[in-house]
Amino acid sequence: MTRDDAGETAGEAPADAGGDEDPTAVDIDALLDRVGFDADDGVLTRRQAEVLVLRERGLKQSAIANLLGTSRANVSSVEASARENVDKARETIAFIEALSAPVRVEIPAGTDLYDVPGRVYDACDEAGVKVNRTAPELMKVVSDAAGDAVHGREVRRRLFVTVSGDGTVRVRHP
């Protein structure tokens, strides 16, 4: 992870961004109920869900800390753990979807990004699945989803491209 001059982790909400809302006016239970949160059925703890729902409402970490009776550092740690759990849950879902996808294409490291659409289209033709993307769109989907696994036109780390029966393209980079 990289940190900017303000000490914030890149890609995360700044520690004290936003948050003009009066923290005492927030009903956390109502917010969690409205989005259907159930700690027994999910990967987030109740505290992680509380922090995320309050951050989504624009509250600063310091305001959340005051509301929850803890420190801003603790709120920061809870938020980071929650976001990590969300990322792991997304990867798990993508893995399960890949298992049932009729088209699965491994893209080895060193592959030219311009070669990816042809590989995907060939696999789709074999499986009788229509892709809902043009070649440039498919390259963009792969590049965007791959993050730092693709640099310029080079696939630097192995990728898996799956296409569902309805043509939805997903990209995983384990």
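Please read these numbers as outputs of a predicted model, since none were measured by experiment.

K.L.:
I keep staring at the packing of helix α3 (residues 61–68) against helix α4 (residues 72–100) and nothing clicks. Help me out?
P.N.:
The angle between the axes and the distance between the axes are what describe a pair of packed helices. The N-to-C vectors of α3 and α4 enclose an angle of 105 degrees; their axes lie 8 Å apart at closest approach. One element, α3, and the other, α4, form an angle in the roughly perpendicular class. Contacts between α3 and α4 involve Q61, S62, I64 and A65 from the former and R72, V75, S76 and E79 from the latter.

K.L.:
What is the right way to read the pattern of salt bridges from this model?
P.N.:
Side chains bearing opposite charge may pair, as long as their charged atoms lie close to each other. Scanning all chains against the criterion turns up 14 salt bridges. The partner of R55 in a salt bridge is E79, and the shortest N-O contact between them spans 3.0 Å. Within this pair, whereas R55 is found in helix α2 (residues 46–56), its partner E79 is found in helix α4, the two being separated by 24 residues in sequence. In terms of burial, R55 and E79 fall into one category: buried. Each member of the salt-bridge network shares a partner with another, and the members are D29, R46, R47 and E50.

K.L.:
What exactly am I supposed to notice about the environment of A63 here?
P.N.:
Within the secondary structure layout, A63 lies in helix α3. Classification of A63 as buried rests on a relative accessible area of 11%. C-alpha of A63 to C-alpha of V75: the two residues are 12 residues apart in sequence and 9.7 Å apart in space.

Reading guide: rules and limits
Residues numbered from 1 in each chain as written. Predicted model: local features only at pLDDT ≥ 70, side-chain atom pairs only at ≥ 80, totals over all residues. Heavy atoms only, no water. Axes fitted to C-alpha atoms, helices over the stretch in contact; angles between N-to-C directions. Helix = DSSP H or I, 4+ residues; strand = E, 2+ residues; numbered from the N terminus. Parallel < 35°, antiparallel > 145°, perpendicular 65-115°, else oblique. Contact = heavy atoms within 4.5 Å. Salt bridge = Lys/Arg side-chain N within 4 Å of Asp/Glu carboxyl O. Buried < 20%, exposed > 50% of the residue type's maximum accessible area, 1.4 Å probe, protein only.

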